[in-house]
Amino acid sequence: MKYQIATAAALAFGIAAPALAQDAAAPAAAAPAASAEVAAGTQIYGSDGAAIGTVARVEGDVALVTVGERTIPIPATAIAAGEAGPTVNITRTALVTQFDQQMAQMDAQLEAALVEGAAVQTADGQPLGTIQSREADAIIVAGTAGEMTLSKPMLALGPQGTLVVRATMEQIQQAMAQAPAEG
């Protein structure tokens, strides 16, 4: 039986894409000495004193900062007390440039890994199956749970370069149980 798992299901799983790239935007320069406490709504400033963005939320030791249309993860250790408020030792322009370059590099690595026969595992480390085919951003994966179509945004590269779907096996099983079967 073939199932279509939509990108919307990824949102239901509650897994944010930026959270998988937490190291992606650590400011290049060394952080200022005294750390600053941050919470959702806190304005973050750059080394030039200009506003960079606002903390959307804090996940563990990472502040997810809204910078224009981007959500950039910044390690809490890189945020220090400054004259205007919490400050990072990088300008907004440099941070955005660095983030965009790292995201482009990560996307290129993901593209290279999305090939027929590549193994895919779940976010909780369980084997999901192998890629059977791909058409644009629709990735067909077949495994013991059956054949399913995943959208590219649902996939990421794990620390060892393995393809990982941004959901646990339990979440995938729940989505498949609720999804209409295709004929």
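Here, every reference points to the structure presented above.
Residues numbered from 1 in each chain as written. Predicted model: local features only at pLDDT ≥ 70, side-chain atom pairs only at ≥ 80, totals over all residues. Heavy atoms only, no water.

Further remarks concern the overall build of the chain. Helix and strand content of the chain: three helices and 14 strands. Across the 183 residues of the chain, 39% fall into the buried class. Long-range contacts, defined here as pairs at least 24 residues apart, represent 56% of the contacts in the chain between residues at least 6 apart. When the accessible surface of the chain is totalled, it reaches about 9,500 Å², and 53% of it is carbon and sulfur. (Helix = DSSP H or I, 4+ residues; strand = E, 2+ residues; numbered from the N terminus. Buried < 20%, exposed > 50% of the residue type's maximum accessible area, 1.4 Å probe, protein only. Contact = heavy atoms within 4.5 Å. Areas by Shrake-Rupley, 256 points an atom, 1.4 Å probe, with all protein chains shown as cover.)

Let us now look at the side chain of Thr87. Within the fold, Thr87 resides in strand E7 (residues 86-87). Judged by relative accessible area, which is 14%, Thr87 ranks as buried. Here the side chain of Thr87 touches Gly85 through a polar contact of 2.7 Å, landing on its backbone oxygen. (Polar contact = N/O pair within 3.5 Å; in protein donor to acceptor, adjacent residues only side chain to side chain.)

What follows is about the pattern of salt bridges. The full count for this structure, using the stated rule, is six salt bridges. One salt bridge connects Asp107 with Lys152, and the closest N-O pair in it is separated by 2.8 Å. One end of the pair, Asp107, is in helix H2 (residues 92-113); the other, Lys152, is in the loop between strand E11 (146-151) and strand E12 (155-157), and 45 residues separate them in sequence. A residue is classified by how much of its surface remains accessible, and Asp107, at 36% relative accessible area, is partly exposed. Its relative accessible area of 11% is what places Lys152 among the buried residues. (Salt bridge = Lys/Arg side-chain N within 4 Å of Asp/Glu carboxyl O.)

Before going further, it helps to spend a moment on the pairing of strand E10 (residues 138-143). Strand direction decides the pairing type here: strand E9 (residues 127-135) and E10, joined by five bridges, are antiparallel. Its bridge partner being in E10, Ser133 is matched across the sheet by Ile140. Linkage of E9 to E10, two consecutive antiparallel strands, is achieved through a turn of two residues, within which Ala136 is found at a positive phi near 60 degrees. Here E10 runs beside E11; their pairing, made up of six bridges, is antiparallel. In the strand pairing of E11, Ala142 is matched with Glu147. Connecting E10 to the antiparallel partner E11 that follows it, the hairpin turn spans two residues. (Pairing = 2+ DSSP bridges.)

Within the span of helix H3 (residues 169-178), buried status applies to Met169, Gln171, Ile172, Ala175 and Met176. Considered in projection along H3, the buried side chains sweep an arc of 160 degrees and stay on one side of the axis. Among the exposed residues of H3, those pointing more than 90 degrees away from its buried face are Glu170, Ala177 and Gln178. (Arc of directions from axis to C-beta.)

The next point concerns the pairing of strand E3 (residues 51-59). Two elements, strand E2 (residues 43-45) and E3, share three bridges in a ladder whose sense is antiparallel. In the sheet register, Gln43 faces E3, and the bridge partner there is Thr54. As consecutive antiparallel partners, E2 and E3 are separated by five residues, and within that stretch Gly49 has a phi angle of approximately 85 degrees, a positive value. In this sheet, strand E4 (residues 62-67) lies alongside E3 in antiparallel orientation, the contact comprising five bridges. Opposite Thr54, over in E4, you have Thr66 as the bridge partner. The antiparallel hairpin formed by E3 and E4 contains two residues in its connecting segment, where Gly60 sits at a positive phi of about 65 degrees.

Turning next to H2. Taking 1.5 Å of rise per residue, the 22 residues of H2 would be expected to cover 32 Å, and the 32 Å separating its terminal C-alpha atoms lies within 8% of that figure. Against E3, E4, strand E5 (70-75), E12 and strand E13 (163-165) lie the buried residues of H2. (Expected span 1.5 Å × (residues − 1).)

Take Val141: it is sitting in strand E10. Judged by relative accessible area, which is 0%, Val141 ranks as buried. C-alpha of Val141 to C-alpha of Glu116: the two residues are 25 residues apart in sequence and 9.2 Å apart in space. Apart from residues lying up to four places away in sequence, Val141 is in contact with Val120, Leu128, Gly129, Thr130, Ile131, Gly146, Glu147, Met148 and Leu150.

So, to be careful, I would describe these as geometric facts and stop short of saying anything about function.
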